[in-house]
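# Working through the structure, step by step
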Amino acid sequence: MTLQPLILHTDWSRSWGGQEIRTLTELRELKKLGFRVGMVVREGAELARRGEAEGIPVHYIDFSSKFNLAAWRDLYKLIRRLQPAVINTHSSEDSWMAGCLARICGVPLVIKTRHVLASISSSFSYNAFAHIVFACSESIADQLAEQKVRKEKIIVQSTGIDEERFRFSAQDRQEIREQYGIGEQDILVGNISFLREYKGHQFIARTAATLPEKYKFMIVGGGNGRAILEKDIAEAGVGDRFILTGHKEDPERFFSALDIIFFSSYETEGISQSFIQGLLYGMPLLVCRTPSLLEPLEFVKRYRAVDYNDLAAAKAGLLELAEHLQRDEEMIEQQRQDIAGKYGMKAMIENILRVYAGYGVEV
């Protein structure tokens, strides 16, 4: 019996965030289509725990340093034994190690996925090892090209969002708002993301202090930035109307509870998955002028863009958006279709399959 092609993803990270969600999403969807899949990660990776729970084979390599010769040896043996058709790398250390050894072992297709908008230390591993570089936004693709990554290698591929999962629910709205004591007359401004510095949540706390009491704020997500954010909220004096829910496995329910999305990320942000998820709900949006985040706005009907930390503009934007909270179902449905057409799960998988097919990798 002929085995189906094996798709192997590698990742240095032990944490859980957009990059790791992208990895698991691709593997899950490709598994549904009949590919064999697997991941190569470090011990203690949250990605490994979640992958194993879904029946995805997990292999462990110490990616802590590309100068670890034992890890190179172990990875070489693993690749020779598994004989993957595709190796897709994600972080710096694993991209050097797995990318190099994949080429030595003759893996048909080596992909590097670039998730963040930040300068790279060297273009060498991108040009020497990867056949294809998936850039998670057009801004990331442009930056890579400026840093001498060969343009013909770069394909823009944002993380696909399940458009059926992220859909407005009146029941979820009522239940979440009752759970957290949000009244019908309150205007709930929210952000759903991991708590990290570049997500810019301090800007939200400082903006909250400029607005009337009926404006309530909610940030849904966990992460190592919570203690700092709690301090920011206290210093802004808005602790009585600022809700931190912690990490939630059902973020789709919380979007329905919001009246306005305030997406405050800056600098290194790619096209955040939660940003695209929020756009599927069609509610008013306040967003910072971060290059990757401006890209989907061609499909968005009600938004205001501000510079990060411009409190006056943020206040004015929220006050203006609050005048347009009535749901326009026809407009929202058009926005959903436009967003899904470019950033939906189906669009992502179809594009990945086209890339695979170009290198002879098909089920």
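By convention here, each chain's residues receive numbers from 1 onward along its written sequence. Only residues with pLDDT of at least 70 get local features here, since the model is predicted, and only at 80 or more are side-chain atom pairs given and counted; chain-wide, interface and lining totals rely on the full set of residues. Water and hydrogen atoms were dropped before computing side-chain values, which therefore reflect all heavy atoms in the structure.

## Description of the packing of helix α8 (residues 201–208) against helix α13 (residues 311–321)
For helices, the axis comes from a line fit to the C-alpha atoms of the stretch in contact; other axes are also lines fit to C-alpha atoms, and the angle between any two N-to-C directions lies between 0 and 180 degrees. The secondary structure listing takes helices from DSSP runs of H or I that are at least 4 residues long and strands from runs of E that are at least 2 residues long, numbered from the N terminus. Their axes nearest at 10 Å, the elements α8 and α13 cross at an angle of 70 degrees. As judged from the angle between their axes, α8 and α13 are roughly perpendicular. In contact with F203, R206 and T207 of α8, α13 contributes L311, A314, K315 and L318. Of the residues belonging to the contact of α8 with α13, the class tally is 4 nonpolar, 1 polar and 2 charged. Roughly parallel means an angle under 35 degrees; roughly antiparallel means over 145; roughly perpendicular covers 65 to 115; every other angle is labelled oblique. Residue contacts are counted whenever heavy atoms from the two residues lie within 4.5 Å of one another. When residues are sorted by character, Ala, Val, Leu, Ile, Met, Phe, Trp, Tyr, Cys and Pro go into the nonpolar class, Asp, Glu, Lys and Arg into the charged class, and all the rest, Gly among them, into the polar class.

## Thoughts on helix α6 (residues 138–146)
Where α6 is concerned, the buried positions are S139, I140, A141, Q143 and L144. Looking at the packing, one finds that the buried side of α6 touches β5 (109–114), α5 (124–129), β6 (132–135), β7 (154–156) and α12 (291–294). Between the side-chain oxygen of the N-cap and the backbone nitrogen of S139 there are 3.4 Å, and the N-cap of α6 in question is S137. Each residue gets one of three labels from its accessible area relative to the maximum for its type: buried under 20%, exposed over 50%, partly exposed in between, using a 1.4 Å probe on protein chains only. Counting of polar contacts relies on pairs of N or O atoms within 3.5 Å, with two restrictions inside protein: one atom must be capable of donating a hydrogen and the other of accepting it, and residues adjacent in sequence are counted only when both atoms are side-chain atoms.

## Points about the pattern of salt bridges
For salt bridges, the criterion is a side-chain nitrogen of Lys or Arg within 4 Å of an Asp or Glu carboxyl oxygen. For the structure on display, the rule yields 24 salt bridges. The partner of R177 in a salt bridge is D259, with the nearest N and O atoms 3.1 Å apart. Here D259 lies in the loop between α10 (251–257) and β11 (260–263) and R177 lies in helix α7 (residues 170–179), a separation of 82 residues in the sequence. Within the structure, one salt-bridge network assembled from shared partners comprises E46, R49, R50 and E249.

## Quick notes on the UniProt feature "domain: Glycosyl transferase family" (unreviewed entry) in the protein chain
UniProt positions are given in the numbering used here, feature names are shortened, and annotations may be inferred rather than shown by experiment. The UniProt feature table records "domain: Glycosyl transferase family" (unreviewed entry) at residues 172–337. Helix makes up 39% of residues 172–337 and strand 17%, and the two end C-alpha atoms of the span are 22 Å apart.

## Thoughts on empty space enclosed by the protein
Lining residues are those with an atom within 4 Å of a point, where the points come from a 1 Å grid over the protein atoms alone and group into cavities, where a 1.4 Å probe fits but cannot get out, or pockets, open sets with protein on both sides within 12 Å along at least five of seven lines. Grid points are joined across faces, edges and corners, and a volume is the space filled by probe spheres set on the points. Within this structure, the stated rule accounts for 1 cavity of 30 Å³ or more. If you go around the largest cavity, the residues you meet are T89, S95, G99, V110, I111, K112, S125, Y126, F129 and A130. At the level of elements, α4 (92–104), β5 and α5 are the ones that each hand at least two residues to the lining of the largest cavity. A breakdown of the residues in the lining of the largest cavity according to their chemical character gives 5 nonpolar, 4 polar and 1 charged.

## A short note on the domain arrangement of the protein chain
Residue ranges for the domains trace back to a domain assignment, done automatically or taken from a database. By domain assignment, the protein chain separates into domain 1 (6–160 + 344–358) and domain 2 (170–341). Taking the mean C-alpha position of each, domain 1 and domain 2 sit 31 Å from one another. At the junction of the two partners, domain 1 supplies 20 residues and domain 2 supplies 16 residues. Summed over both partners, the interface of domain 1 with domain 2 comes to about 1,200 Å²; 46% of that surface belongs to carbon and sulfur atoms. What gets called buried area is simply the loss in accessible area from a 1.4 Å probe that two parts show on being joined, summed for both.

## With respect to the sheet that holds strand β10 (residues 242–246)
Strands in a sheet are paired, the pairing made by backbone hydrogen bonds, and the direction either parallel or antiparallel. Note: two strands are recorded as paired if DSSP finds a minimum of 2 bridges between them. If you trace the 6 strands from one edge of the open sheet to the other, you get β10-β9-β8-β11-β12-β13, paired in parallel fashion. At either margin of the open sheet sits one strand with a lone partner, and together these are β10 and β13 (303–306). Going from strand to strand, the sheet's axes swing by 20 degrees on average, the running direction of each strand aside. With 3 bridges connecting them, β11 and strand β12 (residues 285–288) associate as parallel partners. The residue bridging I261 from the neighbouring strand is L285, located in β12. Sitting on the sheet, α8 is in contact with β8 (187–192), β9 (215–220), β10, β11, β12 and β13, with an inclination near 165 degrees to β9.

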